[in-house]
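# Analysis of the macromolecular model
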Amino acid sequence: MIMNDIETDMAWPPHYKIKKHRRAKNVKFRTSRANGLEITVPYRFNLKNIPSVLEENKAWIVQHVRQWQNKISAALPDQINLSGLEFSISVHYIASDTKLKLIERPHHEIVVVGPIHEKELCKKRLISWIKKQSKIYLAAQLQALSEKIKLPNSSVRVRDQQTLWGSCTVNKAINLNYKLVFLPPMLMKHVMIHELCHTVYLYLLTWNDSSSQHQVIWITNFHSHRRTFSTFFLTYFSKGRF
């Protein structure tokens, strides 16, 4: 393992916490998923010496911080497949003693920088980014479909619905679940056309209802989608998934 190779994708110094202990006689280092790098120092230790202590123990710190970073990266996604949008996002993680932030790069890449050992915080930031992308793409695609099949709607909102892929109000306002971007394009289109059909058939319209000619005409393999929807429903509405 070459030091320079490690430092290219690891901020220095890494995020750390200092503990003063009355019984401590020497400076001790410890790494963990929960707290990252922990430094235990004697109670009367001069904290101004921390930078020099870090430099003296740099090789050990880099090696061990890299180990738990790899474990964290394994738990968090290194790729997000947005099937409905027909592209994937590569995700990279860089530990840093800064506030957690997400940086967008060209060619469908994003970088999460900050206390990446805080796994739930990282996940929330990624979900927030996905929701933002969903609002942009889903609204545009629904509008395009609306014009194509000539079923106008009054408005569209992209939300985090807990049990529905989409819904339509009596005022023809359509709500779409941001998780639609994870579905294959044809299933995502199916949901959108189904909700647009509700602008005409507000009640008694099910996923496999052939009473709506718009569903039958515009959705390829219309009747075969029901079982596939059930599979994706269990996947993306289960606890712990995006």
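Residues numbered from 1 in each chain as written. Predicted model: local features only at pLDDT ≥ 70, side-chain atom pairs only at ≥ 80, totals over all residues. Heavy atoms only, no water.

### Quick notes on the packing of aromatic side chains
Counted only if it meets this: To pair, rings of Phe, Tyr and Trp, with the six-membered ring standing in for Trp, must have centres within 6.5 Å; the planes then decide the type, stacked if under 30 degrees apart, edge-to-face if over 60, and tilted in the middle. By definition, any uninterrupted DSSP run of H or I lasting at least four residues is a helix, any uninterrupted run of E lasting at least two residues is a strand, and each is numbered from the N terminus. Sitting over a ring, as applied to charges here, requires NZ of Lys or CZ of Arg to be within 6 Å of the ring centre and within 35 degrees of the ring normal.
Following the criterion strictly, the structure yields 2 aromatic pairs and no others. With a centroid separation of 6.1 Å and 40° between ring planes, the pair formed by Phe-29 and Trp-60 is classed as tilted. You can see Phe-29 sitting in strand 2 (residues 28–32) and its partner Trp-60 sitting in helix 3 (residues 58–75), a full 31 residues away along the chain. The lysine or arginine in question, Arg-22, covers the ring of Tyr-43, its NZ or CZ lying 3.9 Å from the ring centre. Above the face of the Trp-12 ring, Lys-58 is positioned so that its terminal group lies 4.8 Å from the ring centre.

### A few points about the sheet that holds strand 10 (residues 173–177)
Strands belonging to one sheet form pairs held by backbone hydrogen bonds; the direction of such a pair is parallel or antiparallel. To be explicit about the condition: When DSSP finds two or more bridges between a pair of strands, those strands are recorded as paired. Angles run from 0 to 180 degrees between N-to-C directions of axes, and those axes are lines fitted to C-alpha atoms, restricted for helices to the stretch in contact. Contacts between residues were defined by any pair of non-hydrogen atoms, one from each residue, lying within 4.5 Å.
Overall, mixed pairing links the 3 strands, which are arranged 8-10-9 in an open sheet. At either margin of the open sheet sits one strand with a lone partner, and together these are strand 8 (155–159) and strand 9 (166–168). Between one strand axis and the next, the sheet turns by 15° as a mean value, whatever way the strands run. Two strands pair when backbone bridges link them, and strand 9 and strand 10 are joined in this way by 3 bridges, in the antiparallel orientation. Looking at the pairing, Ser-167 lines up with Asn-175 of strand 10. Relative to strand 8, helix 4 (residues 119–149) is tilted by about 145°, and along the sheet it contacts strand 8 and strand 10. Strands in contact with helix 5 (residues 185–197) are strand 9 and strand 10; relative to strand 9, the strand with the most contacts, it is inclined by about 15°.

### A look at helix 5
Rules: Between the first and last residue of a helix there are one fewer steps than residues, each counted as 1.5 Å, and that sum is the expected span. Relative accessible area decides the class of each residue, using a 1.4 Å probe on protein chains only: under 20% of the type maximum gives buried, over 50% gives exposed, and in between gives partly exposed.
Taking 1.5 Å per residue as the helical rise, helix 5 with its 13 residues ought to reach 18 Å, and the 18 Å between its terminal C-alpha atoms agrees with that figure. With 10 of 13 residues buried, helix 5 lies mostly within the body of the structure.

### Overview of the side chain of Glu-38
In this fold, Glu-38 is placed in strand 3 (residues 36–42). Here Glu-38 is in contact with Lys-17, Lys-19, Lys-28, Phe-29, Arg-30 and Ser-32, once residues within four sequence places are set aside.

### Quick word on the sheet that holds strand 1 (residues 16–21)
Across the sheet, 3 strands lie side by side as 1-3-2; this open sheet has mixed pairing. Pairing within the sheet leaves two strands with one partner each, and these edge strands are strand 1 and strand 2. Each strand axis lies, on average, 25° off the axis of its neighbour in the sheet, ignoring direction.

### Here's the deal with the nonpolar core
Going by this rule: Buried Ala, Val, Leu, Ile, Met, Phe, Trp, Tyr and Cys residues form a nonpolar core when they are joined through side-chain atoms within 4.5 Å.
In this structure, Ile-80, Leu-82, Ile-89, Val-91, Val-112, Leu-138 and Leu-180 are the most contacted members of the largest nonpolar core, which totals 40 residues. Top element by residues in this core is helix 4. It accounts for 9 residues. In this view, Leu-180 contacts Gly-84, Leu-138, Trp-165, Met-188 and Val-191; residues no more than four positions away in its chain are not counted.

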